[in-house]
Amino acid sequence: MIYYIIIRGPAASGKSTIAKRLAKELSAHYIDFDSVLANHNLDLIEGDGISTENFIKGNNLILDEIKERLRKGQTVIIDACFYRKRHIEHLIKNLDYRYFIFSLKISLKECIRRNEFRKEKMTKKDIRDVFNLVSRLEIGTPITTEGRTVDEVIKEIKKHID
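Residues numbered from 1 in each chain as written. Predicted model: local features only at pLDDT ≥ 70, side-chain atom pairs only at ≥ 80, totals over all residues. Heavy atoms only, no water.

**Student:** Explain the environment of histidine 29 to me, using residue names and the numbers behind them.
**Tutor:** Within the fold, histidine 29 resides in strand E2 (residues 29–32). For histidine 29, a relative accessible area of 17% translates into the label buried. In this structure, the C-alpha to C-alpha distance between histidine 29 and serine 135, residues 106 residues apart in sequence, is 27 Å. With sequence-adjacent residues up to four places away left out, histidine 29 is seen in contact with Glu65, Arg69, Gln74, Thr75, Val76 and Ile77. (Helix = DSSP H or I, 4+ residues; strand = E, 2+ residues; numbered from the N terminus. Buried < 20%, exposed > 50% of the residue type's maximum accessible area, 1.4 Å probe, protein only. Contact = heavy atoms within 4.5 Å.)

**Student:** So what's going on with the environment of lysine 67? Which residues, and what values?
**Tutor:** Within the secondary structure layout, lysine 67 lies in helix H3 (residues 52–71). Take lysine 67: its relative accessible area is 24%, and that puts it in the partly exposed class. The contacts of lysine 67, once residues within four sequence positions are left out, are Asn94, Leu95 and Tyr97.

**Student:** So, the packing of helix H1 (residues 15–26) against helix H7 (residues 150–161): which residues are in play, and what are the values?
**Tutor:** For any two helices packed against each other, one specifies the crossing angle of their axes together with the interaxial distance. For the pair H1 and H7, interaxial distance at closest approach is 10 Å and the crossing angle is 60°. In terms of orientation, H1 and H7 fall into the oblique class. The two elements H1 and H7 meet at a crossing, and its hand is right-handed. Residue-level inspection shows Thr17, Ile18, Arg21, Leu22, Glu25 and Leu26 of H1 in contact with H7, the latter providing Val150, Asp151, Val153, Ile154, Ile157, Lys158 and Ile161. Broken down by class, the residue content of the contact of H1 with H7 amounts to eight nonpolar, one polar and four charged. (Axes fitted to C-alpha atoms, helices over the stretch in contact; angles between N-to-C directions. Parallel < 35°, antiparallel > 145°, perpendicular 65-115°, else oblique. Left-handed = near helix turned anticlockwise from the far one by under 90°. Nonpolar A, V, L, I, M, F, W, Y, C, P; charged D, E, K, R; others polar.)

**Student:** Explain the packing of aromatic side chains to me, using residue names and the numbers behind them.
**Tutor:** Throughout the structure, instances matching the rule amount to six aromatic pairs. Here phenylalanine 100 and phenylalanine 102 contribute two aromatic rings whose centre-to-centre distance is 6.3 Å and whose plane-to-plane angle is 10°, an arrangement assigned as stacked. In this structure phenylalanine 102 comes out as buried when scored by relative accessible area, which is 0%. Through successive ring pairs, a cluster of aromatic residues spans Phe33, Phe55, Phe82 and Tyr83. (Phe/Tyr/Trp six-rings, centres within 6.5 Å; stacked < 30°, edge-to-face > 60°.)

In structure tokens:
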């Protein structure tokens, strides 16, 4: 089965840890969308966050690579907050393959706590702002990460894709 996976959620919810581990277990290609944005100066905060237009520009930078990997039968996992609906819709529209979206669920308090252990910490205000943006968009299969191990979360995700 050929498909791609979107792992979305607030900052410090475990997205990258889970997406990287899942990619390893599935021999999938991992894409850190935040790095794509940063490497192309598209991670500019305007108004309430990064603009839909910049997210779509980021999509356009990775679409050919994703299509090529999917054509070759390799699963692709994309890790990002994905708080703009048109950002996700643009990917889906341009990738004619089966897909899964997993929305990581966690409390704001736990995101703030976990942020203290990150190499590149965000301010509490930024954690709160991203949390609120991500929480406004209900899309995909909800997966609770709070109080669970990475193994437990991966096992639950795999149940949905097997």
